[in-house]
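# A look at the structure
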Amino acid sequence: MLKYIPGLAGALAAMTVYRLLSMLEFSLRILIFFAMYLAVTIFVDKAMARYGRKSS
């Protein structure tokens, strides 16, 4: 179950940004959506990996 947390966090952050940028054109919003998704997913995944190494 924990392996899905980074993707879920990334999707929630990306969707929030997507909704906030509704005044931009669609193609730019999609690019920002995917960039935010990747950034948050990678950040959360690395943070969880670091936390897992500390706990062991």
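Described below are features of the structure shown in this document. (Residues numbered from 1 in each chain as written. Predicted model: local features only at pLDDT ≥ 70, side-chain atom pairs only at ≥ 80, totals over all residues. Heavy atoms only, no water.)

## Here we look at the environment of leucine 20
Within the secondary structure layout, leucine 20 lies in helix α1 (residues 5–20). We classify leucine 20 as exposed; its relative accessible area is 61%. Spatially, the C-alpha atoms of leucine 20 and alanine 35 are 15 Å apart, while their sequence positions differ by 15 residues. (Helix = DSSP H or I, 4+ residues; strand = E, 2+ residues; numbered from the N terminus. Buried < 20%, exposed > 50% of the residue type's maximum accessible area, 1.4 Å probe, protein only.)

## Here we look at α1
With 16 residues, α1 ought to run about 22 Å at 1.5 Å a step, and its terminal C-alpha atoms sit 23 Å apart, in line with that. Buried residues of α1: Pro6, Gly10, Ala14, Val17 and Tyr18, and no others. An end-on view of α1 places all buried positions within 100 degrees of arc, on one side of the element. Across α1 from its buried face, at more than 90 degrees, point the exposed residues Leu8, Leu12, Arg19 and Leu20. (Expected span 1.5 Å × (residues − 1). Arc of directions from axis to C-beta.)

## Comments concerning a positive patch on the surface
A grouping of Lys46, Arg50, Arg53 and Lys54 is seen on the molecular surface, where their side chains present a positively charged patch. Within the secondary structure, arginine 53 is located in helix α2 (residues 26–55). On the accessibility criterion, arginine 53 (61% relative accessible area) is exposed. (Patch = residues over 30% accessible without salt bridge, like charges linked within 9 Å, V, L, I, M, F, W, Y side chains within 5 Å. Areas by Shrake-Rupley, 256 points an atom, 1.4 Å probe, with all protein chains shown as cover. Salt bridge = Lys/Arg side-chain N within 4 Å of Asp/Glu carboxyl O. Lys, Arg positive; Asp, Glu negative; His and termini not counted. Charge placed at Lys NZ, Arg CZ, Asp CG, Glu CD.)

## What about the packing of aromatic side chains?
Going through the model one piece at a time under the given rule, you end up with two aromatic pairs. With a centroid separation of 6.0 Å and 80 degrees between ring planes, the pair formed by tyrosine 18 and phenylalanine 33 is classed as edge-to-face. Of this pair, tyrosine 18 sits in helix α1 while phenylalanine 33 sits in helix α2; the two residues are 15 residues apart in sequence, bridging distant segments of the chain. You can call tyrosine 18 buried: its relative accessible area is 15%. (Phe/Tyr/Trp six-rings, centres within 6.5 Å; stacked < 30°, edge-to-face > 60°.)

## Points about the side chain of threonine 41
Note on placement: threonine 41 falls in helix α2. Reaching out from threonine 41, the side chain makes a polar contact with the backbone oxygen of proline 6 at a distance of 3.5 Å. Not counting the four nearest positions on each side in its chain, threonine 41 is found in contact with Pro6, Gly7 and Gly10. (Polar contact = N/O pair within 3.5 Å; in protein donor to acceptor, adjacent residues only side chain to side chain. Contact = heavy atoms within 4.5 Å.)

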